[in-house]
Amino acid sequence: MNETRRALLDALAAGPVEGPALAQRLGVSRAAVWKQVEALREEGFSIESGEGGYRVVDVPEYGAAAIQFGLDAPYEIEYHDRIASTNDRARELAADGASDVVVVADQQTGGRGRLKRSFSSPSGGVWASPLVRPRRPPAEVPLYTLAAAVAVVRASREAGVDAAIKWPNDVLVGDSGGGDDGDGRDDDEGGEDEVDRPGARKLAGILTEMEGEADRVSWLVVGIGVNANVDVEDLPPGATSLRAEVGDVDRRVFLQRLLEVFAELTGEGADLRGVLDAWREHAATIGRRVRVETAGETIEGDAVDVRFPGSLVVRTDDGERVVHAGDCEHLRPAADR
Ligand code: BT5
């Protein structure tokens, strides 16, 4: 997106604005402003020009300009109706030297999860990959994954869905933490070692990829996949969508909110320790009996905390273990044992 267009969208988002004033502010001719306004109209924006100047009265459902319009986060949006993987595209942009871009798609044909798993990404979802170049050491990168999970939860809650995070990167619905989950049923049902309560459904996943030197990240792509306006029939078993939970959401507003929270938690000058507090607030894992598969072993115990830069602290029969990475299952609530 060229700079004039982005500045025009920012100016229009702030309220009605006169053509000549806009031209002056953007440092372009009035004809250039008019041309850009016409281009936005062609993309589905409804823009009135009357007293007070140009005024946006309707915004397209989704797309680069729609998401950029009113976005309060320092990112440029690159939008695709259909692409193999937004993470792959963001990696390409990273190789070209780009930064602060969010690659967004309506549909992915080759969506990826961790460990070469595939991630279903039908049309109607929110598939987005922010590309950033933080001046931070690679060891702090896990905090970006946690921040993205917090951002998904906050945006989901604002959309009316009671989501929570399973360490480190899954956002679930119907799995609200240890003890009574508020469904009026005994959490113990299902017998010993019941894994991930029957009600727990996966709403979103995150895949973080990076390149860096020992002391400094070169680029970081935080791929975020949220099943938004999609049918559960188009998702693997155990998955849910915002559509299934509360009906269709305004994807544009949802993604804007998500990106704003992510930028607030991780942007230039942010204190990354705040990410851990925000994460704890929304975590379903703390206080739960867990089984974590790491590269070399299986660790079972009670999850007691998350520690900088995103490691899970598990109290086992052999003492406390700090787990940096792995696949985590929630077992019966620790409180019931
Ligand atoms: C993840 O991996 O959950 C990370 C997913 C990241 C997807 C985003 S979308 C934008 C960006 N571009 C990409 O190509 N990727 C990122 P993992 O924790 O490994 O979980 C993968 C497992 O979740 C699969 O093996 C399935 O069991 C399940 N799964 C697949 N698609 C799903 C979906 N849409 N919703 C819920 N679960 C799904």
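Keep in mind that this is a model prediction, so the values were computed, not measured. (Residues numbered from 1 in each chain as written. Predicted model: local features only at pLDDT ≥ 70, side-chain atom pairs only at ≥ 80, totals over all residues. Heavy atoms only, no water.)

A separate point is helix 2 (residues 19-26). Those residues of helix 2 lying buried are G19, L22, A23 and L26. Taken down its axis, helix 2 places every buried residue within 100° of arc, on the same side. Exposed and facing more than 90 degrees away from the buried side of helix 2 are Q24 and R25. On its buried side, helix 2 packs onto helix 1 (3-13), helix 3 (30-42) and strand 2 (53-58). (Buried < 20%, exposed > 50% of the residue type's maximum accessible area, 1.4 Å probe, protein only. Helix = DSSP H or I, 4+ residues; strand = E, 2+ residues; numbered from the N terminus. Arc of directions from axis to C-beta. Contact = heavy atoms within 4.5 Å.)

A few words on the pattern of salt bridges. By the definition in use, this model includes 32 salt bridges. In this structure, R5 and E43 form a salt bridge, with 2.8 Å as the shortest nitrogen-oxygen distance. With a gap of 38 residues between them, R5 in helix 1 and E43 in the loop between helix 3 and strand 1 (46-50) connect regions that are remote in the sequence. Given the relative accessible area of 12%, R5 is considered buried. Of the residues examined, E43 reaches a relative accessible area of 42% and is grouped as partly exposed. Each member of the salt-bridge network shares a partner with another, and the members are R289, R291, E300, D302 and E329. (Salt bridge = Lys/Arg side-chain N within 4 Å of Asp/Glu carboxyl O.)

A few words on the packing of aromatic side chains. Under the defined criterion, the tally for this structure stands at four aromatic pairs. Centre to centre, the rings of Y62 and Y79 are 5.7 Å apart; their planes meet at 85°, and the pair counts as edge-to-face. Here Y79 lies in strand 3 (residues 76-83) and Y62 lies in the loop between strand 2 and helix 4 (64-68), a separation of 17 residues in the sequence. With 6.0 Å between their ring centres and 80° between their planes, F119 and W127 make a pair best called edge-to-face. Exposure remark for W127: the relative accessible area of 0% places this residue in the buried category. The ring of Y62 is capped by R251, whose NZ or CZ atom sits 4.0 Å from the centre of that ring. (Phe/Tyr/Trp six-rings, centres within 6.5 Å; stacked < 30°, edge-to-face > 60°. Lys NZ or Arg CZ within 6 Å of the ring centre and 35° of its normal.)

Taken across its ten residues, strand 9 (residues 217-226) has nine buried, putting it largely inside the fold. As paired strands, strand 5 (residues 126-132) and strand 9 are joined by five bridges and run antiparallel to one another. Residue pairing in the sheet places A128 in a bridge with I224 of strand 9. Pairing geometry for strand 8 (residues 201-212) and strand 9, over nine bridges, is antiparallel. Bridging from a neighbouring strand, E211 pairs with W219 of strand 9. Counting the residues in the hairpin turn of strand 8 and strand 9 gives four residues. (Pairing = 2+ DSSP bridges.)

S85, R112, R117, S120 and K202 are the nearest of the 27 residues found near the ligand. One of the backbone N or O atoms of R114 is found 2.9 Å from an oxygen atom in the ligand. Contacts to the ligand include S120, whose backbone N or O atom sits 2.9 Å from a nitrogen atom. Contact with the protein chains removes 89% of the 790 Å² of surface that the ligand exposes when unbound. When contributions to the shell around the ligand are tallied by element, the ones reaching two or more residues are helix 5 (86-95), strand 5, strand 8 and strand 9. At four residues, the largest contribution of residues to the shell around the ligand is made by strand 8. The residue inventory of the shell around the ligand, partitioned by class, reads eight nonpolar, 14 polar and five charged. (Near = heavy atom within 4 Å. Polar contact = N/O pair within 3.5 Å; in protein donor to acceptor, adjacent residues only side chain to side chain. Areas by Shrake-Rupley, 256 points an atom, 1.4 Å probe, with all protein chains shown as cover. Nonpolar A, V, L, I, M, F, W, Y, C, P; charged D, E, K, R; others polar.)

Distances and angles like these do not, on their own, reveal function.
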